[in-house]
Amino acid sequence: MGILIVLLLGGFVYGIGWAIRYPITDNGSSKDALPAAQVNEALIMLFAGGLGSGLYAIRAYLLHACDKKDLDPDYLPWYPFWMFMGALLSLIFYFALRGGLLFLTLNSAQTSFDSLNGWSLAAAGSLIGLFSKYALEKLRKVFLTLFGEPDDETVDGKPAAEAKPGSGPAAVEVTPVAVAGGNGKNGHNTPGHNKVLP
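Residues numbered from 1 in each chain as written. Predicted model: local features only at pLDDT ≥ 70, side-chain atom pairs only at ≥ 80, totals over all residues. Heavy atoms only, no water.

**So, the overall build of the protein**
Here is step 1: Along the protein, the regular secondary structure elements total 5 helices and 2 strands.
Here is step 2: Helices and strands in the protein line up, N terminus first, as α-α-α-α-α-β-β.
Here is step 3: Residues counted as buried form 29% of the 198 residues belonging to the protein.
Here is step 4: Taking as baseline every contact in the protein between residues at least 6 positions apart, the subset at least 24 positions apart corresponds to 73%. (Helix = DSSP H or I, 4+ residues; strand = E, 2+ residues; numbered from the N terminus. Buried < 20%, exposed > 50% of the residue type's maximum accessible area, 1.4 Å probe, protein only. Contact = heavy atoms within 4.5 Å.)

Put into structure tokens, the structure is as follows:
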């Protein structure tokens with residue numbers, strides 16, 4: 001798994017270098033087409049987000065494989081998918097910034113976005129990927145600000161307060177049960193389960 005993480009990380013680093021060194025150019029396409037510079041910026045953010053989240057995945061992998069020695073095979077798909085999630089999250093942030101938030105930062109001397117620095121985009125994308133957990137929370141707050149808090153829960157289309165008692169889903173009490181065969185290490189009954197990845 002460590003080799004796969006390193007290979008993916010290398011691919012993201014190569015992608016950043018490629019997008020900055022060999023930018024996509026306009027070739028006389030139609031006026032409705034997205035400018036090549038913006039496509040190139042989106043690629044930089046995508047690859048940089050993968051780089052940042054790859055750094056986080058390597059840290060988590062080494063922490064569980066070497067330090068804590070509790071690496072669970074059930075969590076192995078988490079590491080590469082975390083890298084792709086960070087890449088896509090960085091791309092979503094780029095869309096949000098390009099769509100409106102950068103517009104608010106323009107001063108009177110600057111009239112367009114055409115001169116965004118590729119290295120600053122790579123830095124921002126890497127930080128978004130590295131701190132994906134917090135970036136998701138920030139996007140959630142932006143969404144709630146734009147669209148408001150969700151309404152109270154409803155039962156059959158009526159507010160929960162107006163629903164008849166017993167008309168909603170039945171409440172079930174759950175009692176934790178110890179699983180036979182666990183080693184009890186770190187307070188867990190089963191090795192690797194109920195752990196929270198960093």
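Resuming the write-up.
**Considerations on the packing of helix 1 (residues 2–21) against helix 2 (residues 36–67)**
Here is step 1: Contact geometry for helix 1 and helix 2: axes closest at 8 Å, N-to-C directions at 155°. Between helix 1 and helix 2, the crossing angle belongs to the class labelled roughly antiparallel. The hand of the helix 1/helix 2 crossing is left-handed. Between helix 1, through Gly2, Ile5, Leu9, Phe12, Val13, Gly15, Ile16, Trp18, Ala19 and Ile20, and helix 2, the contact on the second element is made entirely by Asn40, Leu43, Ile44, Phe47, Ala48, Gly50, Leu51, Gly54, Leu55, Ile58 and Tyr61. (Axes fitted to C-alpha atoms, helices over the stretch in contact; angles between N-to-C directions. Parallel < 35°, antiparallel > 145°, perpendicular 65-115°, else oblique. Left-handed = near helix turned anticlockwise from the far one by under 90°.)

**A short note on the nonpolar core**
Here is step 1: Tyr79, Met83 and Ile128 are the most contacted members of the largest nonpolar core, which totals 27 residues.
Here is step 2: Of all the secondary-structure elements, those providing two or more residues to this core are helix 1, helix 2, helix 3 (78–105) and helix 4 (118–130).
Here is step 3: For this core, the element with the most residues is helix 2, which contributes 9 residues. (Core = buried A, V, L, I, M, F, W, Y, C linked by side-chain atoms within 4.5 Å.)

**Digging into the environment of alanine 42**
Here is step 1: Among the structural elements, alanine 42 can be located in helix 2.
Here is step 2: Alanine 42 gets classed as buried once you look at its relative accessible area, which sits at 13%.
Here is step 3: Residues alanine 42 and tyrosine 94, spaced 52 residues apart in sequence, show a C-alpha to C-alpha distance of 6.6 Å.
Here is step 4: If we ignore the near neighbours within four places in the chain, the residues touching alanine 42 are Leu91 and Tyr94.

**A short note on a nonpolar patch on the surface**
Here is step 1: The grouping of Tyr14, Trp18, Tyr22 and Ile24 at the surface amounts to a nonpolar patch, some 460 Å² of accessible area in total.
Here is step 2: Within the secondary structure layout, tyrosine 14 lies in helix 1.
Here is step 3: Under the relative-accessibility criterion, tyrosine 14 is labelled exposed at 62%. (Patch = residues over 30% accessible without salt bridge, like charges linked within 9 Å, V, L, I, M, F, W, Y side chains within 5 Å. Areas by Shrake-Rupley, 256 points an atom, 1.4 Å probe, with all protein chains shown as cover. Salt bridge = Lys/Arg side-chain N within 4 Å of Asp/Glu carboxyl O.)

**Topic: the environment of leucine 4**
Here is step 1: As for its position among the elements, leucine 4 is in helix 1.
Here is step 2: When its relative accessible area of 39% is taken as the criterion, leucine 4 is described as partly exposed.
Here is step 3: Note: C-alpha distance between leucine 4 and proline 80 (76 residues apart in sequence) is 7.6 Å.

**Side note on the packing of aromatic side chains**
Where two aromatic rings form a pair, the distance of their centres and the angle of their planes describe that pair.
Here is step 1: In total, this model carries 9 aromatic pairs according to the counting rule given.
Here is step 2: When the centroid spacing of 6.3 Å and the interplanar angle of 55° are considered together, the rings of tyrosine 94 and phenylalanine 95 count as tilted.
Here is step 3: An aromatic cluster is present here, built from Tyr56, Tyr61, Trp78, Tyr79 and Trp82 joined pairwise through their rings. (Phe/Tyr/Trp six-rings, centres within 6.5 Å; stacked < 30°, edge-to-face > 60°.)

**Digging into helix 5 (residues 132–147)**
Here is step 1: Over its 16 residues, helix 5 runs 22 Å from end to end, which matches the ideal 22 Å to within 8%, given 1.5 Å per residue.
Here is step 2: All of the buried residues along helix 5 are Ser132, Ala135 and Leu144. (Expected span 1.5 Å × (residues − 1).)

**Focus: the pattern of salt bridges**
Here is step 1: Overall, the coordinates contain 2 salt bridges when judged by the stated rule.
Here is step 2: Arginine 98 is the partner of glutamate 41 in a salt bridge, and the nearest nitrogen-oxygen pair spans 2.2 Å. Of this pair, glutamate 41 sits in helix 2 while arginine 98 is found in helix 3, placing the two residues 57 residues apart along the sequence.
Here is step 3: Classification of glutamate 41 as buried rests on a relative accessible area of 5%.
Here is step 4: Residue arginine 98 is classed as buried on the basis of its relative accessible area, which comes to 12%.
Here is step 5: A salt bridge links glutamate 137 to arginine 140; the shortest N-O distance between them is 2.9 Å. With glutamate 137 and arginine 140 both in helix 5 and 3 residues apart, the pair spans about one turn of that helix.
Here is step 6: Take glutamate 137: its relative accessible area is 31%, and that puts it in the partly exposed class.

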